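Here are the chains, one letter per residue:
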Amino acid sequence: MKKALKITGKILLCILILLIAFLLILFVYHRIMLNKEDKLLENYPGELVTVDGHHMNIHSEGEGEHTLVFLAPAGDTSPAMTFKPLYSKLNGNYKTVVIEKFGYGMSDIVDTKRDYETMVDECREALKQEGIEAPYVLCPYSKSGLDALTWVQNYPDEVEAIISIDMAFPESYDNVDIPQEPNQSPFISFLKESGIIRLFVTDGVYPDVYSEEDKALMRALDCRKFGNIVFSNEMITIPDACKLINGVEKPDTPMLLFLTSGEGTGMDADTWHGFAYRYINDISDVKCTEFDCGHGEIIYKEYEQLSTEINEFIEGLK
């Protein structure tokens, strides 16, 4: 019995030593890669502007009568890459702009309350500094639907239309458990600091519509920005944003809605679509298209049809 325990103890000790050695090697490799990626990220698209003493990244391409402003989904570490398949199809006809809010992409991480009125004003200031003038066609994806609705209600003259890329509406959060306090997970911090996150951000994670260079940029930012405190601070202000949006008259702004199956939202298609259809029920100029794909797939799977319908919709605004 004692001999068996000794053998078991030695095996466990060997496993522990191997695990520690593996983590040390991974940590060193992670630090080496972070240094290499710093150089790579110099090629990340966009220009840094100063907003409230911090750097915010804004990327624009193309020229045209209409300006499309893309607003990123929650927790997106590289919005300028996420939207690339779509804006690359549109920048021949319009000015296309991706705003990376604080905590997103190459923008600074700030540890302050992220209420939606403040975030909208920061985006407006970034556009102003880049000389990109209103009116805008706002193109929100997922949670940034709250940004777009806050924007159009506070500054209706600045918003020409809203193109919803499966955006969320206030009712979308009625039965969602929203945290009361910011919570930056120690586990996620450990994954990033130790380098373990690199085991999860392999090439297979990123759709093939993106080039190898695009994937490398996305990976570099995942390893730096994933799960940062800004995303948590945004979540806790969602109930306040929903109250503000629901508390004022709904603007009758032209809208084009792209809806997915809801897969990835935790809701079925009927439930997910219901939020959108109830919101647009009394809007006079609205078009809607449903896609048979998941919530997180619509950009890279359907960008061809999205661009076609966006062109048709904007033609109708003239």
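Residues numbered from 1 in each chain as written. Predicted model: local features only at pLDDT ≥ 70, side-chain atom pairs only at ≥ 80, totals over all residues. Heavy atoms only, no water.

## Regarding the nonpolar core
Grouped together as the largest cluster of nonpolar side chains are 45 residues, with contacts concentrated most on Leu127, Trp151, Ile162, Phe169 and Met255. Here this core gets 6 residues from one element, more than from any other, and that element is helix α4 (residues 116–129). Apart from the residues lying within four places of it in its own chain, the contact partners of Phe169 are Leu146, Leu149, Met255, Leu257, Phe275, Ala276 and Tyr279. Counting 44 residues, the second-largest nonpolar core is a separate cluster that includes Leu26, Ala72, Met218 and Leu221. (Core = buried A, V, L, I, M, F, W, Y, C linked by side-chain atoms within 4.5 Å. Buried < 20%, exposed > 50% of the residue type's maximum accessible area, 1.4 Å probe, protein only. Helix = DSSP H or I, 4+ residues; strand = E, 2+ residues; numbered from the N terminus. Contact = heavy atoms within 4.5 Å.)

## Description of the pairing of strand β1 (residues 47–51)
Judged from the 5 bridges that link them, β1 and strand β2 (residues 54–61) form a sheet pairing that is antiparallel. Within the sheet, the bridge partner assigned to Val49 lies in β2 and is Met56. From the end of β1 to the start of β2, which pair antiparallel, there are 2 residues, and Asp52 there has a positive phi angle of about 50°. (Pairing = 2+ DSSP bridges.)

## Here we look at a nonpolar patch on the surface
Residues Leu13, Leu16, Ile17, Leu19, Ile20, Phe22, Leu24, Leu199 and Phe200 make up a contiguous nonpolar surface patch of about 890 Å² in total accessible area. Residue position: Phe200 is located in the loop between α6 (186–194) and α7 (212–225). (Patch = residues over 30% accessible without salt bridge, like charges linked within 9 Å, V, L, I, M, F, W, Y side chains within 5 Å. Areas by Shrake-Rupley, 256 points an atom, 1.4 Å probe, with all protein chains shown as cover. Salt bridge = Lys/Arg side-chain N within 4 Å of Asp/Glu carboxyl O.)

## Comments concerning the layout of surface pockets
One number sums up the size of the largest pocket: a volume of about 930 Å³. Together, 36 residues line the largest pocket, and Ala74, Gly75, Asp76, Thr77 and Phe226 are the ones closest to its centre. For the lining of the largest pocket, the leading source of residues is helix α8 (residues 229–235), giving 4 residues. Here the second largest pocket defines a volume of roughly 250 Å³. Residues belonging to the lining of the second largest pocket are distributed by class as follows: 6 nonpolar, 6 polar and 1 charged. (1 Å grid on protein atoms, 1.4 Å probe; cavity = no way out; pocket = protein on both sides within 12 Å on 5 of 7 lines; lining within 4 Å. Points joined across faces, edges and corners; volume = space filled by probe spheres on them. Nonpolar A, V, L, I, M, F, W, Y, C, P; charged D, E, K, R; others polar.)

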